[in-house]
Every structure is written in structure tokens, then in C-alpha cells.
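In case you want the letters, here they are:
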Amino acid sequence: MRTFFLVLLLQVVTNTGVAAQTVKAGVGRKVITPEMPYWLTGYAARSKPAVEKIHDLWTKALVIETDTGNKVAFVTTDVLGLTPEIHTMLVSTLGERYGFRESDLVFNASHTHSGPMIWPSLEMIGDFDSSAIGAFAAYKKFLIRQITGAVEMAMDNLLPARLSTGHGTAAFAMNRRQPVNGKIINGKNPGGNKDHDVPVLKVTNTSGVVRAILFGYACHNTTMGGDNYRISGDYAGFAQLDLEQAYPGATALFFTGCAGDQNPQPRGTVALAEQHGRELSGAVKAVLAHTMRPVGNTVKSAMRTIPLSFVPFDVRKYKEELEKGTIFEQRRARLMLQAYNRGWEVTRYWYPVQVLRFGKDLTFISLGGEVVVDYALRLKEMYPRENLFVSGYCNHVMGYIPTKKILKEGGYEANENLIYYGMPGPFREDVEETIVSALRQVLRRLGVK
């Protein structure tokens, strides 16, 4: 009888998803701070490269492998955003080396505006000479090598693990789409939509020691402005440093949420970036201090790359901007006219939509670009029974992803950002429904109704 009850207890523990021996996890990290002097990105107002740092920038990897042989990798980078070229090269290299499919690999950028130029993203913000462009090309090779190295390190230390999840709250993100005299400016809109959720994935060894903390928040890493010339990860960098100090030996990985129209407030100084970092890490610590929901031992992934269409291309508009526009409009117009006259694609962008799902316990939705917060809010309303971790800035960042409402209202997220990203635009009004429809299809493939 005693043996029977021991066997029964073992079956109960196994069936509750606590059978951690069937899940392995590995973590890796590499410094990606560029050699200085090096140009920072994110602000067009900068007039010189950076020559010093506040703290190092990192790429970090968390690989999770199940007993069925399925494995996925979460990769974070302290940069403004990755390009399609970088994403394609990483998928190819890691696929050949370890058998990852494209859908198994999710790369997130913290979108720090105190990080290095990732050429040619946001090339319109400056008139860079050949020396600077040569440095950008060298850094791109270095970045790809370091990201690959972080995943390799994670693969080399796969160990039995336990996964659990929870949610906290941080309140410093504020909607920035401020209505003024019938227009939308980048300001402060405390009554605007926001998402203060702090989703957390904890990874421990079988003894309960924390090995990795993956957490997210929907807010721009723009506490420091265009007058800052020191490299840092902004508030997300400070939050990760604080968590790694609180949990020695653990790796903290930050995923940017749907932060397109969300700014930290107040902002403008290093001290405020540290303050917001402490608030965010404090929210994560509060989650870790309480009982968290176990995450099961199965994982599946799916992905689609869909065309997002721009409004019809207007040659006259770019000719006019070339003659009478701002320096940034002139640069964009020159690029658009070159593309048009050479027969290059100027009507749509191929956009990544990705989902990773751990049983019925946790669903990661990963979207490319600077996705506005309304997407996360809509998805959480559409799938109230799903434990969602929604991220933007994944795989490649090509510009802002607005909703139909924002396109009608106008403003930076709808129009002006595309000048700096060197994109035609704006997007057509069906952009929101195109993305949501694709997500529905991907989620259905993974069993989400």
C-alpha cells in the first residue's frame, strides 16, 4: 500500500507540469559595446559620436529544450533594432549549427536610444562619411558574431530546469500622443492608452536557484535624450543590472513590449533612467517573491511573414521633398526616387509575426517593428484566457506599426517616423487587420481558439 501511494504521488507531481527533468535550459551572454568613438542612434539631433559608456551593452540568450527534442531560443540585444539582413544571417547560421527553425528563434531589441547605429536602420538621421560607414559595417559583423556566441554558450550549458511565470506592474510608462490644436504631437498624454503589465518568466535549476529571469515592459528606452553621448541600455539596462546583483549567477533578459507610443516619465537624466530601472526591477522582484505559475514541458512555435502595404507611391511627392523638404525629407526622397527608378520594391514590407507557446501555460507573441500599445491591449482582450507575453521590436525593426485609428489621427507614429527610417508611407489603413488576422491564424495552428 505504501508503494502504491508513492507511485501515485510521483504521477501527480509529473502530471502537474513540475517534472522539471524533462526540460533543459541554457543561458549565454556576450558584450556588444562598440569600440569608441562610435555614433549612437535614435535621435537626429546628435552631431558627434560617443566616446564613453555608462555601462556595457549585452546580447543574452535563453535556450529551452524539451524532452521531445523541441527547442526555442529567446535572444535579447541592447540595440535600437535589428535589420532583416542581420535576422536572416542569424537564422541561417543557428539553423545550420543547431537545427533551429526560424520560428524557434526570437530576437528582441531593447530599443535603447543610447546604443550603437545599426546600419542602415535610421540612416536618414545623419550624413555619415565613409569612415563612419566602415565602422558600422564592422560593428554589424561583430554583433552577429556576438549574438551567435551567446546562443552557442546557452547551448553548451543546457541543464535540467524548472519554468514558472507571473505578472507584475510598473507605472512609469506614459502615452506620448498628445492632442494639441487638432494635431498629435510627441508629448504627454496621461489619459492615453498604456500597458503597465510586467510579464516574467523565471528559470531555475532543480534546486530552485534562479538561472534566468526574462521580463518585459511596454515603454521606449528613451529616458535620456539626444544630448546624451554616453552608451547605455537606459532604464532596461539598469533594471537588468539590478536584478543580476540581487540574484547572483542569474542572467536577466529584457523584452520590449508594444512600446511605440509609450515614453518613460519623467525623463531627461541618467538618474531618472536609474530610477525607472529600479522601479521595473522592483516589480520583477515582487513577482519572484511570490508563488508563480508552473510552466509545462512542451513548447511549439509558428511564424508567418506577411506583406504590409503602403499607400500608393507618389513620385510627385518625393520630387517636391527633394527640392523643398527638410534635410531628412531630402535624404528619404533621394532614396525613394532611386528605388523607384531602379524598379525596387516600394509598395510593401514583408513583416514577421511569431508565436511561441508553452503548453497552455504561457504564450509569447512576437511582432516586428515599433508596435503601438493598442495591439497588446487588443490581443489581451481577444484572448482573455491566455497567459500572454506580448512583445514588439522583434526580429527586425523597420518603423512604427500603427493602428487604423492612429493612421486616421496622424502624428509621428503614423507618418513622420517613416522619413527617418527611409520608408515610403504611410501604411494603408488595413495594416492593423492584416496583422491581427495573421496572428489569429498562427495562434490557431498552436491550439489557441
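This text goes with the structure placed above it.
1. Quick look at empty space enclosed by the protein
Then step 1. Summed over the entire model, instances satisfying the criterion amount to 2 cavities of 30 Å³ or more.
Then step 2. Of the pockets and cavities examined, the largest cavity occupies roughly 90 Å³.
Then step 3. In terms of lining, the largest cavity is formed by 16 residues, of which the most central are D195, D197, P199, K380 and V390.
Then step 4. When residues of the lining of the largest cavity are traced back to their parent elements, those giving at least two are β11 (197-204), β12 (210-217), β14 (251-256), α8 (373-382) and β21 (388-391).
Then step 5. In terms of residues, the lining of the largest cavity owes the most to one element, β21, which gives 4 residues.

2. Topic: the layout of surface pockets
Then step 1. Size it by volume and the largest pocket reaches roughly 350 Å³.
Then step 2. G42, Y43, H113, Y400 and Y412 are the residues nearest the centre of the largest pocket, which is lined by 20 residues in total.
Then step 3. A total of 3 residues in the lining of the largest pocket trace back to one element, the largest contributor, which is helix α10 (residues 412-421).
Then step 4. Grouping the amino acids of the lining of the largest pocket by side-chain chemistry returns 9 nonpolar, 8 polar and 3 charged.
Then step 5. Looking at the second largest pocket, its volume works out to about 290 Å³.
Then step 6. For the second largest pocket, the lining is made up of 13 residues, of which P84, P120, S121, Y421 and M423 are closest to its centre.

3. Let's talk about helix α3 (residues 130-156)
Then step 1. Here α3 spans 39 Å end to end across 27 residues, near enough to the 39 Å set by a 1.5 Å rise per residue.
Then step 2. Its side-chain oxygen placed 3.2 Å from the backbone nitrogen of S131, D129 serves as the N-cap of α3.

4. Focus on the environment of P37
Then step 1. Along the chain, the position of P37 falls in the loop between β1 (23-31) and β2 (52-53).
Then step 2. With relative accessibility at 55%, the residue P37 sits in the exposed group.
Then step 3. Between the C-alpha atom of P37 and that of P49, which follows or precedes it by 12 residues, the distance is 5.7 Å.

5. Topic: the packing of helix α2 (residues 84-98) against α3
Then step 1. Following both chains from N to C, one finds α2 and α3 inclined at 35°, their axes separated by 10 Å at the closest point. Read as a crossing pair, α2 and α3 show a hand that is right-handed. Along its contact with α2, which presents E85, I86, M89, L90, T93, L94, R97 and Y98, the element α3 presents K140, L143, I144, I147, T148, V151, E152 and M155.
Then step 2. Looking at side-chain class alone, the contact of α2 with α3 contains 10 nonpolar, 2 polar and 4 charged residues.

6. Some remarks on the sheet that holds strand β7 (residues 162-169)
Then step 1. One open sheet accounts for 5 strands, arranged β14-β12-β11-β7-β16; its pairing is mixed. The two strands at the open ends of the sheet, each matched to only one other strand, are β14 and β16 (293-294).
Then step 2. Two elements, β7 and β11, share 8 bridges in a ladder whose sense is antiparallel. Bridge pairing in β11 places R162 opposite T204.

7. Side note on the sheet that holds strand β6 (residues 159-160)
Pairing between sheet strands relies on hydrogen bonds along the backbone, with the strands arranged either parallel or antiparallel.
Then step 1. Here 5 strands make up an open sheet; going across it, the order is β5-β4-β3-β1-β6 and the pairing mixed. Either end of the sheet is taken by a strand with one partner, and the two such strands are β5 (105-109) and β6.
Then step 2. One ladder, built from 9 bridges, connects β1 with strand β3 (residues 58-66); its direction is antiparallel. Counterpart to K24 in the pairing with β3 is E65.
Then step 3. Docked against the sheet, α2 engages β4 (71-77) and β5, running at close to 145° with respect to β5.
Then step 4. In the packing of α3 onto the sheet, the strands contacted are β1, β3, β4 and β5, and the crossing angle to β1 comes to about 150°.

8. Some points on the pattern of salt bridges
Then step 1. Counted under the stated rule, the structure contains 21 salt bridges.
Then step 2. With its nearest N and O atoms 3.0 Å apart, the salt bridge here joins D104 to R101.
Then step 3. A relative accessible area of 47% means that R101 is categorised as partly exposed.
Then step 4. Across the pair E386 and R357 runs a salt bridge, and its minimum N-O distance is 2.9 Å. With E386 in the loop between α8 and β21 and R357 in strand β18 (residues 348-358), this residue pair connects regions lying 29 residues apart in the sequence. Across the pair, exposure class does not vary: E386 and R357 are buried alike.
Then step 5. The structure contains a network of salt bridges with shared partners spanning R176, R177, K405, E409 and E413.

9. Remarks on the nonpolar core
Then step 1. Grouped together as the largest cluster of nonpolar side chains are 79 residues, with contacts concentrated most on F100, F107, Y351, I365, I401 and I435.
Then step 2. In terms of residues, this core owes the most to one element, α3, which gives 10 residues.
Then step 3. With residues near it in sequence (within four places) discarded, I365 still touches Q354, V355, L379, L388, F389, V390, S391, L439 and L443.
Then step 4. Counting 24 residues, the second largest nonpolar core, distinct from the first, contains F74, L214, F358 and C394.

10. Description of the side chain of S391
Then step 1. Turning to its location among the elements, S391 is positioned in strand β21.
Then step 2. We classify S391 as buried; its relative accessible area is 1%.
Then step 3. Those residues within four positions of S391 in sequence are excluded, and the remaining contacts are N108, F255, T256, G257, C258, I365, S366 and L367.

Reading guide: rules and limits
Residues numbered from 1 in each chain as written. Predicted model: local features only at pLDDT ≥ 70, side-chain atom pairs only at ≥ 80, totals over all residues. Heavy atoms only, no water. 1 Å grid on protein atoms, 1.4 Å probe; cavity = no way out; pocket = protein on both sides within 12 Å on 5 of 7 lines; lining within 4 Å. Points joined across faces, edges and corners; volume = space filled by probe spheres on them. Helix = DSSP H or I, 4+ residues; strand = E, 2+ residues; numbered from the N terminus. Nonpolar A, V, L, I, M, F, W, Y, C, P; charged D, E, K, R; others polar. Expected span 1.5 Å × (residues − 1). Polar contact = N/O pair within 3.5 Å; in protein donor to acceptor, adjacent residues only side chain to side chain. Buried < 20%, exposed > 50% of the residue type's maximum accessible area, 1.4 Å probe, protein only. Axes fitted to C-alpha atoms, helices over the stretch in contact; angles between N-to-C directions. Left-handed = near helix turned anticlockwise from the far one by under 90°. Contact = heavy atoms within 4.5 Å. Pairing = 2+ DSSP bridges. Salt bridge = Lys/Arg side-chain N within 4 Å of Asp/Glu carboxyl O. Core = buried A, V, L, I, M, F, W, Y, C linked by side-chain atoms within 4.5 Å.

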